[in-house]
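These are the residues of each chain, in order.
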Amino acid sequence: MSEIDSLKAQLESLQSEALSAFDSAADSAALQLLRVHYLGKKGALTEVLKGVGKLPPQERPVIGQYVNQAKAVLSAALDRCEATLSAQGKSARIEAERIDVTLSGRKLPAGALHPVQQGLDEITAIFAQMGFAIAEGPEIEDEFHNFDALNIPPEHPARAMHDTFFLKDLTHGDAAEPMLLRTHTSPVQIRTMKRFLAENGEPPLAVVAPGRVYRCDYDVTHSPMFHQVEVFKVDRDVSMAHLKGVLKHFLSTYFEKDVGIRLRPHYFPFTEPSAEVDISCVFCAGKGCRICKGSGWIEVLGSGMIHPNVMRSVGVDSSEFSGFAFGLGVERLVMLKQGIPDLRLFFENDVRFLRRMGVPL
Amino acid sequence: MKIPFSWLKAYVPLTATPAQIADDLVRLGHEVEAVELPRAAVHGVRVGLITAKQPHPDADKLSLLKIDIGETEELAIVCGAANMGEGDKVPVATIGTTLPGGLVIKQGKIRGETSFGMCCSEVELGLADESAGLLILPADAPVGAQVGEYLTLEEAVFDLSITPNRGDCMNARGIARDLAADAGLPFTDISVAEIAVDTAVTTPRVTVSAGQDAPVYMARRIDGITLADSPAWMQASLLMAGMRPINGVVDILNYVMLTQGQPMHAFDADTLHGDITVRSAVDGEDFAALDGRELKLHTGDLVVSDERSVIALAGIMGSAASGVSEGTVNIVLESAFFRPARVSETRRTYAMVSEASMRFERGVDPAVVAMAMQQATALIIDLCGGTSGEIAVCGDAGAINAGRTVSCSLSRIESRLGVAVPAALDVVLARMGFVMQRDGDLLTVHVPSFRHDVTIPEDLSEEYARVIGFDAIPTLLPPLATTAPVRPDRFIHDAVAGGFLQAVTYAFISADEQRLFVADDGLDIALANPISDAMSVMRRSVWPGLLNAARRNLNRQQPGVALAEQGRVYLRTDAGHDENNVLAWLMTGEVEQDQWYGDARAADFFDLKGAVETWLQVRGLNGRFIADDSMQGLQAGQSAKIMVGRAEAGRIGRVDTDLAEQFDIDAPVFVAELNLDLLPQGKQAKFAPLAEFPAVERDLVFLFDRGVSSEAVLNAVRSGGGKLLTDARIFDRYDGKGVPDGKVSLGIRFGLQDAKRTLTQADSDAASSAIIAAMDKRFGAALR
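Parameters and conventions
Sequence order as written defines residue numbering, which begins from 1 separately in each chain. As they are written, the chains are lettered A onward and the ligands numbered 1 onward, keeping that order. A pLDDT threshold of at least 70 governs which residues receive local features in this predicted model, and a stricter bar of 80 or more applies before side-chain atom pairs are shown or counted, although totals over entire chains, interfaces and linings include all residues. The side-chain values count all of the structure's non-hydrogen atoms but skip hydrogen atoms and water molecules. Planes of paired rings set the category: under 30 degrees apart is stacked, over 60 is edge-to-face and the rest tilted, where pairs are Phe, Tyr or Trp rings (Trp by its six-membered ring) whose centres lie within 6.5 Å. When accessible area is computed with a 1.4 Å probe and restricted to protein chains, residues below 20% of their type maximum are described as buried, those above 50% as exposed, and intermediate ones as partly exposed. Any Lys or Arg side-chain nitrogen located within 4 Å of an Asp or Glu carboxyl oxygen qualifies as a salt bridge. Runs of E in the DSSP output that reach at least two residues are strands. Runs of H or I that reach at least four are helices, and both are numbered from the N terminus. In what follows, a contact means two residues having at least one pair of non-hydrogen atoms within 4.5 Å. Buried area is a sum: the accessible area each of two parts loses on coming together, probed at 1.4 Å, counted once for each and added. Residues adjacent in sequence count toward polar contacts only when both atoms are side-chain atoms; beyond that, a polar contact is any pair of N or O atoms within 3.5 Å, and within protein one must be able to donate a hydrogen and the other to accept it. Only Asp, Glu, Lys and Arg are considered charged in this grouping, and only Ala, Val, Leu, Ile, Met, Phe, Trp, Tyr, Cys and Pro are considered nonpolar; every other residue, Gly among them, is considered polar. Pairs of strands are assigned from DSSP output, requiring at least two bridges between the strands.

**Structural notes on the packing of aromatic side chains**
Right, so step 1: Counted under the stated rule, the structure contains 28 aromatic pairs over all chains.
Right, so step 2: With 6.0 Å between their ring centres and 5° between their planes, Phe268 of chain A and Phe270 of chain A make a pair best called stacked. With respect to burial, Phe268 of chain A and Phe270 of chain A carry one shared label: buried.
Right, so step 3: Where Phe702 of chain B meets Phe704 of chain B, the ring centres are 5.9 Å apart and the plane angle is 55°; that geometry is what we call tilted.

Below, the structure is given as structure tokens:
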């Protein structure tokens, strides 16, 4: 065998030995050692090149070509094996890092707004969007604002129906009238009108006044503290038709459906004419059910045209201006909307109730 | 108020069904709470004749009855009552009947004997609350007839809620008048035949000295009555109207009041002394009322008196001594009109309400005063016997409310109602007693004397509205007002966003609870008429309410509770009183539960402090927490006042353990409260360019004395760290092994940045040196 053939054979065996070694390399590190072993500065291929010196000069380039070809083949094979091993390594890592995505996440504590707050927010927002200004007033009131200015003089039978909480040794004015906890949000009507007129001279004004009110009455269907929203508008030519329009818009928006409304003549000292307002039953759509006692209607609030005596008490000329007013019980509306059966749930503050019926933020 | 249908029909020939009448009443403004149907309720109960009665073979107290109900076969019925015998007629509930109590009659075996129905007492028929055995029907009751029809049980009873302005409608007559006018049917008053007067019966002389308060007073003596129970029809009638029968005279007066609307009173004539005077009470005068109360009267109270004593508080209640009772033979009847405001004031003074006072207060029809006297006299003579004397009269009923007119512009009424009021409607109002006059736009209305409530033009618009019906008024949105929107405060919303559940607790708490967090400084506001001791004082802190809520939830196996409440607190001030808006928090129990990723963790001071800090931060505010060991109800060393700006705006701390135990809470409880009215306006963020050059962070760890305030440390770092210092915080706190006793190791991480250049090693070295020097100088603290 000639020297050149022997070198060629040597190269071929080296190449196949290397390729099979590459294929059986366990990991990238082993492959790296093999790269050094075969292709490194002192590697096997370089050893083969050392034998080139024994060849006659004209044959040397031929062998050089062979060596370069082998280098290219091995290099490509190494890259290929490297890629395969790397892919295998990644999928092994991925497998090792597999998690149970059904485990509970790390939750932030979730609070919730009280359902009554949600009701207050929704109700005031509807009126605010209709251009009503939001007003508040004191809960400790005097008899003038809670009763007299609202056309409920001391001898009036309606005054007895209010189950008023009086405050001990807390009086008002020279006559030392007892102070009381407001029995309705209507005194805000008086206070707001007085303030508005002092600043602006004359109507128009439209106000929504949410707040807590108190009645000395405590049983399954009465809470001594509850929430009301007073709504009123005073302007030229305000009519009962406007009252009906605002009620219809408000109640349909609040209950998120087109509710029918029915006004029944009633009596309130502070409005004339006065009307109780029923809505078509939101549970049975007016067909008649247990909640509406088969009537198809549910009483939701009291309303009317502001009584001239009330207008007079704040200095509005009732021959020029007119207005409507109504007051609604927030708990009642929330109970109807959310299907909450028992008023007492609102004040027990059971966190299970608050989480279920409240509104998270 | 309950009104049997037949009472209405006595005044007006109504043909509509009870349901239609109920709808009309609602439209007219008379709220119908229920329509009861007593006759239908006993449908199927028939008149039965007992033809045989034998003892039950197996039960001493049961009888076997054979009963003829007019059918071909007699019924065998097992009965437990004892008061019946052969030949008696009794009500028999036949098979399939549902009794008013809900009992459905079925064929059944009682101790082996089959029973084909049930004999009934008054109780089972829904006519009485108790009975002594079966209801034995009169001998002439037709066998087989429906008992409801035979007893003339009412077809329908209207349960009405009469509004306080309609005193004229607190009786059948007034309601009937409204219905008649509305339906265009004739209204006829009940006619009473001329009463034979015996001049030998001498009615006492009547003098009215307080004429303003008693414009009409009538009295009449009736002698020789026999006081017995009123007849069955009247008793049944009164029961259905919700009034308990008492005796013939009282029942008749109640019947007259319920039908005609005139409250009357009967005195036992033999207890009276001399003439009757209607006058103002003498201050301190004694009055022993029928209900057993002994009153000291005041000047101004209107009383009826004889020559010795007060015999009635006018329009409210008679005296105990002068009342009609068993053995009464001679009586004096009273029928009067008392001024509503007078009755109201006296009623309120003595908290003494009666059926009479309710009607007088709301105003009765002056025209009925005499009519009622005649009707009551006729009924008494008819049912109790006796001879009547003359009526003694003071005053003139015709002058009461006479000649009242209201006039206004029709266009004003139309603009208030939003609908036209054509002249055709005047006919209906005329039927209601108004005299209507139109002159162009001017409307003049003469108001009938019984309509005390109609005094101003708006009252007329209500009358028109009742007649038109509110349904006929269009539904229109008014032009929208343009009001600058007010941004909602979001106080409670931000607390809820921090993971708290919003609670709503009562504004009144117990006096004991008040003392838990607030000293007794005399500034409490108590209720004069609390519902209970537990709700008797206006709260000065929301914490007791939250503690009660926490207790309830922990009792219901909640591992942890985080509550927030926004509400008011109340106290006396020099100027009178004040209400402050507060926001309060409570945290107790687990803030984190055992999880696969971590262990349960109980709430501590810093959980709550962080919540408060974040709450302040989102509204552009900063709170300074200043340790304060003197706060009532909070544990020393774990409590602080919260300064916001210059205001001491709140407090935070751990609830004293003894106090928490009073609420059955073992776990540490943390509470905080901010006075929202004291919070300054938060700063609105202004734009500043974002830093372009990198920031540098350095850590330094020092040993401090254990009592050091980290706030003081950080303040010293900030003031001594040079102008490049942007931020400093405590990143580590350690006082365990390796730290000498009485010392604590605090790690301080601070940031440096310059807006114009990248920092060098020299910059951070300079800052570090400055801080080390400051810590040494201020706290004697050395690097660790």
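**Some points on the pattern of salt bridges**
All names here are of chain B.
Right, so step 1: Counted according to the given criterion, the structure contains 61 salt bridges over all chains.
Right, so step 2: Here Arg359 makes a salt bridge to Glu355, at a shortest N to O gap of 2.7 Å. With Arg359 and Glu355 both in helix H9 (residues 355-362) and 4 residues apart, this pair spans about one turn of that helix.
Right, so step 3: Taking the relative accessible area as the measure of exposure, Glu355 reaches 35% and is therefore partly exposed.

**Description of the interface of chain B and chain A**
Right, so step 1: Of the residues lining the interface, 81 residues belong to chain B; the matching set on chain A comes to 88 residues.
Right, so step 2: For the pair chain B and chain A, the two sides together bury roughly 7,300 Å², of which 60% comes from carbon and sulfur.
Right, so step 3: On inspection of chain B and its partner chain A, the count reaches 3 salt bridges.
Right, so step 4: Residue Arg556 of chain B pairs with Asp350 of chain A through a salt bridge whose shortest N-O separation is 2.7 Å.
Right, so step 5: Where chain B packs against chain A, one counts 36 residue pairs in polar contact (both at pLDDT 80 or more).
Right, so step 6: By residue class, the composition of the side of chain B that touches chain A is 39 nonpolar, 21 polar and 21 charged.

**Topic: the pairing of strand E34 (residues 669-675) of chain B**
Residue and element names in this part refer to chain B.
Right, so step 1: With 7 of 7 residues buried, E34 is to be regarded as a mostly interior element.
Right, so step 2: Going residue by residue along E34, you find Val669, Val671, Glu673 and Asn675 tucked away on one face and Phe670, Ala672 and Leu674 tucked away on the opposite face as well.
Right, so step 3: Summarising the sheet, strand E29 (residues 576-592) and E34 pair through 7 bridges and their orientation is antiparallel. Its bridge partner lying in E34, Leu586 is registered against Val671.
Right, so step 4: Pairing analysis gives 5 bridges linking strand E33 (residues 647-655) to E34, with the strands arranged antiparallel. Note on E34: the bridge partner recorded for Gly650 is Leu674.

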